[in-house]
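# Secondary and tertiary structure notes
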Amino acid sequence: DSADSFFNESIASARRLNNEVAEATRRGNYGYFLLLTARPQQALSALEYALRLSQKLELTLQAAIQTDNLGLLYDQEGNYPKGLALHREALTVIEPLKSVHWEQVVRLNLAGSLLATNQLEEARAFLEVALTQGRADDDVELLIRALTGKAHLALRSQQSADAGEWLEEAVSRARKADMRR
């Protein structure tokens, strides 16, 4: 409840100040929060509104992230073809921006949809790119997500020993990251 109040107040504040950029970002963040807290209808409404506003204002990075988050919503609902299309659209939008971290997040989400639709080789390619970039940048979030994605792929490919190795590295990285805090 307090998180909902925070988001709603911050959105209302942006509206009172006629700050559409802040409103687009805050609505997108709220939509993602609603997605994570299993309120898909509210998330859909918030994300679609945020996306329309971001597109109107030409906030390309926000629009790409919001499109990707809509893809996650459809994935969560089991509509993988729709999720896959939205992740692909988000990747097309974000690639020219050279926002390395967010581009890899989109690739990882796209890989998840591909795994769910049994497109294993294409998923593998996206996971490899994200893993390589995560290692190069020492980006813990990307590394852990790519490693667990590789483990999922290995399990789907009947390679349980490889899955164990990928998970072991992911857990090790997570523990090291937690110790740095």
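## Overview of the overall build of the protein chain
What the protein chain contains, in helices and strands, is nine helices and zero strands. Moving toward the C terminus, one meets the helices and strands of the protein chain in the order α-α-α-α-α-α-α-α-α. For 181 residues, the compact-globule formula gives about 16 Å, and the C-alpha radius of gyration of the protein chain, at 17 Å, lands near that figure. Dimensions along the principal axes, computed over C-alpha positions, put the protein chain at roughly 55 × 40 × 30 Å. A fraction of 48% describes how many contacts in the protein chain between residues 6 or more apart in sequence connect residues 24 or more apart. As displayed, the protein chain offers around 9700 Å² of accessible surface, 52% of which is attributable to carbon and sulfur atoms. Taken as two groups, the 21 positive and 25 negative side-chain charges of the protein chain have centres that lie 2 Å from each other.

## Re the packing of aromatic side chains
Overall, the coordinates contain four aromatic pairs when judged by the stated rule. Centroid distance Phe-6 to Phe-7: 5.6 Å. Interplanar angle 65°. Geometry classified as edge-to-face. For Phe-6, a relative accessible area of 55% translates into the label exposed. Both rings, one in Phe-7 and one in Tyr-30, keep their centres 5.1 Å apart while their planes meet at 35°; by these two values the pair is tilted. Placement of the pair is Phe-7 in helix H1 (residues 2-16) and Tyr-30 in helix H2 (residues 20-36), with a sequence separation of 23 residues. With respect to burial, Phe-7 and Tyr-30 carry one shared label: buried. Chaining the aromatic ring pairs together yields one cluster made of Phe-6, Phe-7, Tyr-30 and Phe-33. Sitting above the plane of the Tyr-49 ring, Arg-27 keeps its charged end 4.2 Å from the centroid. The ring of Tyr-74 carries the charged tip of Lys-82 above its face, separated from the ring centre by 5.5 Å.

## Points about helix H5 (residues 80-94)
Relative to the 21 Å expected for 15 residues at 1.5 Å per residue, H5 spans 20 Å between its end C-alpha atoms, a close match to the ideal helical length. Within the sequence span of H5, burial applies to Gly-83, Leu-84, Leu-86, His-87, Ala-90, Leu-91 and Ile-94. Seen from one end, H5 has its buried residues packed into an arc of 165°, which puts them on one side. Away from its buried face by more than 90 degrees, H5 exposes Pro-81 and Thr-92. Where H5 is buried, its residues meet helix H4 (60-76), helix H6 (100-116) and helix H7 (120-137). Capping of H5 at its N-terminal end is provided by Asn-79; its side-chain oxygen lies 3.2 Å from the backbone amide nitrogen of Lys-82.

Cut-offs applied
- Residues numbered from 1 in each chain as written.
- Predicted model: local features only at pLDDT ≥ 70, side-chain atom pairs only at ≥ 80, totals over all residues.
- Heavy atoms only, no water.
- Helix = DSSP H or I, 4+ residues; strand = E, 2+ residues; numbered from the N terminus.
- Rg over C-alpha atoms; globule rule 2.2 N^0.38 Å.
- Contact = heavy atoms within 4.5 Å.
- Areas by Shrake-Rupley, 256 points an atom, 1.4 Å probe, with all protein chains shown as cover.
- Lys, Arg positive; Asp, Glu negative; His and termini not counted.
- Charge placed at Lys NZ, Arg CZ, Asp CG, Glu CD.
- Phe/Tyr/Trp six-rings, centres within 6.5 Å; stacked < 30°, edge-to-face > 60°.
- Buried < 20%, exposed > 50% of the residue type's maximum accessible area, 1.4 Å probe, protein only.
- Lys NZ or Arg CZ within 6 Å of the ring centre and 35° of its normal.
- Expected span 1.5 Å × (residues − 1).
- Arc of directions from axis to C-beta.
- Polar contact = N/O pair within 3.5 Å; in protein donor to acceptor, adjacent residues only side chain to side chain.

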